[in-house]
Amino acid sequence: MANSKYAYVRNYEIADPLLPGCFLICRLDGHSFHRFSEEHGFAKPNDERALQLMDHAAKDVMSEYKDIVLAFGESDEFSFLLRKSTNLYNRRHAKILTTLTSYFTSCYVFHWPKYFPDTSMRYPPSFDGRIVLYPDERSIRDYFAWRQADTHINNLYNTVFWALVQQGGKTTTEAHATLRGTVSATKHEILFKEFNMNYNDVSPRFKKGSIIIRQVRGGKAKTHVAVLHCDIIGDEFWAERPYILAS
Ligand code: DGT
Ligand code: MG
Ligand code: MG
Ligand code: MG
Ligand code: MG
């Protein structure tokens, strides 16, 4: 009663439902991780601990939100696919986006000491987030292909770039200049000829990113989440797991 003359303000809250029948992809990305990675001494080009921490936070998100059927991570980002018929929080845009983003961020901070036992956090990290709706299976497959192709392109560039700097004694400006306009075959060749490095031997985690799926354990109804570093662009991944896009 006492509140009733104020309650009209509630009417200013506008509903923000996400279109039904569409797949949802929520992508989170570390805010200013160029700085965060520098300040916390991440190894270049890839810090295994930092990537494992990202995977751990993403696994926690998937364990908490059962409607996430697939996740893909690289660098400071993670993408989560929610099944197209999800009714999570009645498909309220802000509710889904903010809870996933804040839960991921909390898990990242919560697990930090496990992966960086000798480095205390110098300031609190944050992640931005967005949700994009996709209408069909083709666009979902192309979305994940886009992210994994990005992983590969960036990793090849960064691997050669840091080899030129760390082992080749070039400045960062010189290394950028050396790589400007080079095709992928040339980058492979520089690695092999100048640094005796075969790109094929680079860890699949760095080349392919992290794919997180649900797996059924021993025929029981119980599922657990598993991290893979495999190809997601070709048909095989999807043909083996038709359930990912089925519901
Ligand atoms: P943003 O996302 O617009 O707020 O800005 P940034 O700085 O987060 O830029 P972004 O997300 O495009 O690029 C990711 C940054 O994170 C990039 O500067 C390199 C850094 N980073 C990510 N993973 C690693 C790693 O494993 N090792 C190192 N050294 N740096 C990393
Ligand atoms: Mg970022
Ligand atoms: Mg950016
Ligand atoms: Mg990023
Ligand atoms: Mg409340």
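Rules behind the numbers
- Residues numbered from 1 in each chain as written.
- Chains lettered and ligands numbered in written order.
- Predicted model: local features only at pLDDT ≥ 70, side-chain atom pairs only at ≥ 80, totals over all residues.
- Heavy atoms only, no water.
- UniProt positions renumbered as here; feature names shortened; annotations may be inferred.
- Helix = DSSP H or I, 4+ residues; strand = E, 2+ residues; numbered from the N terminus.
- Buried < 20%, exposed > 50% of the residue type's maximum accessible area, 1.4 Å probe, protein only.
- Contact = heavy atoms within 4.5 Å.
- 1 Å grid on protein atoms, 1.4 Å probe; cavity = no way out; pocket = protein on both sides within 12 Å on 5 of 7 lines; lining within 4 Å.
- pLDDT = per-residue confidence, 0-100.

Under the annotation held in an unreviewed UniProt entry, the protein chain carries the name tRNA(His) guanylyltransferase and is attributed to Scleroderma citrinum Foug A. The UniProt entry for the protein chain carries the following text under Function (unreviewed entry): "Adds a GMP to the 5'-end of tRNA(His) after transcription and RNase P cleavage."

If you trace the backbone, Leu191 turns up in helix 6 (residues 184-195). Under the relative-accessibility criterion, Leu191 is labelled buried at 0%. Taking the C-alpha atoms as reference, Leu191 lies 9.6 Å from Leu156; in sequence the two are 35 residues apart. In this structure Leu191 touches Thr159, Val160, Ala163, Asn196, Met197 and Tyr199, once residues within four positions along its chain are discounted.

Right, let's get into the UniProt feature "binding site: GTP" (unreviewed entry) in the protein chain. UniProt's feature table lists "binding site: GTP" (unreviewed entry) at Asp29, Gly30, His31, Ser32, Phe33, His34, Ser75 and Asp76, given in the numbering used throughout. Sequence-wise these annotated residues cover 48 residues; spatially they are packed, their C-alpha atoms never more than 12.1 Å apart. Put simply, the named residues that line the largest pocket are Phe33, His34, Ser75 and Asp76. As for its position among the elements, Gly30 is in strand 1 (residues 23-30). In this structure, Gly30 is in contact with Asp76, Ser126 and Phe127, ignoring residues within four places of it in sequence. A residue is classified by how much of its surface remains accessible, and His34, at 65% relative accessible area, is exposed.

Per-residue pLDDT for the protein chain has a mean of 96; in total, 98% of the residues score no lower than 70. This complex was scored by the predictor with a pTM of 0.96 and an ipTM of 0.97.

All right, on to the UniProt feature "domain: tRNAHis guanylyltransferase catalytic" (unreviewed entry) in the protein chain then. Per the UniProt record, the feature "domain: tRNAHis guanylyltransferase catalytic" (unreviewed entry) sits at residues 6-135. In this annotation, residues 6-135 is assigned 36% helix and 22% strand; the end-to-end C-alpha distance for the span is 41 Å.

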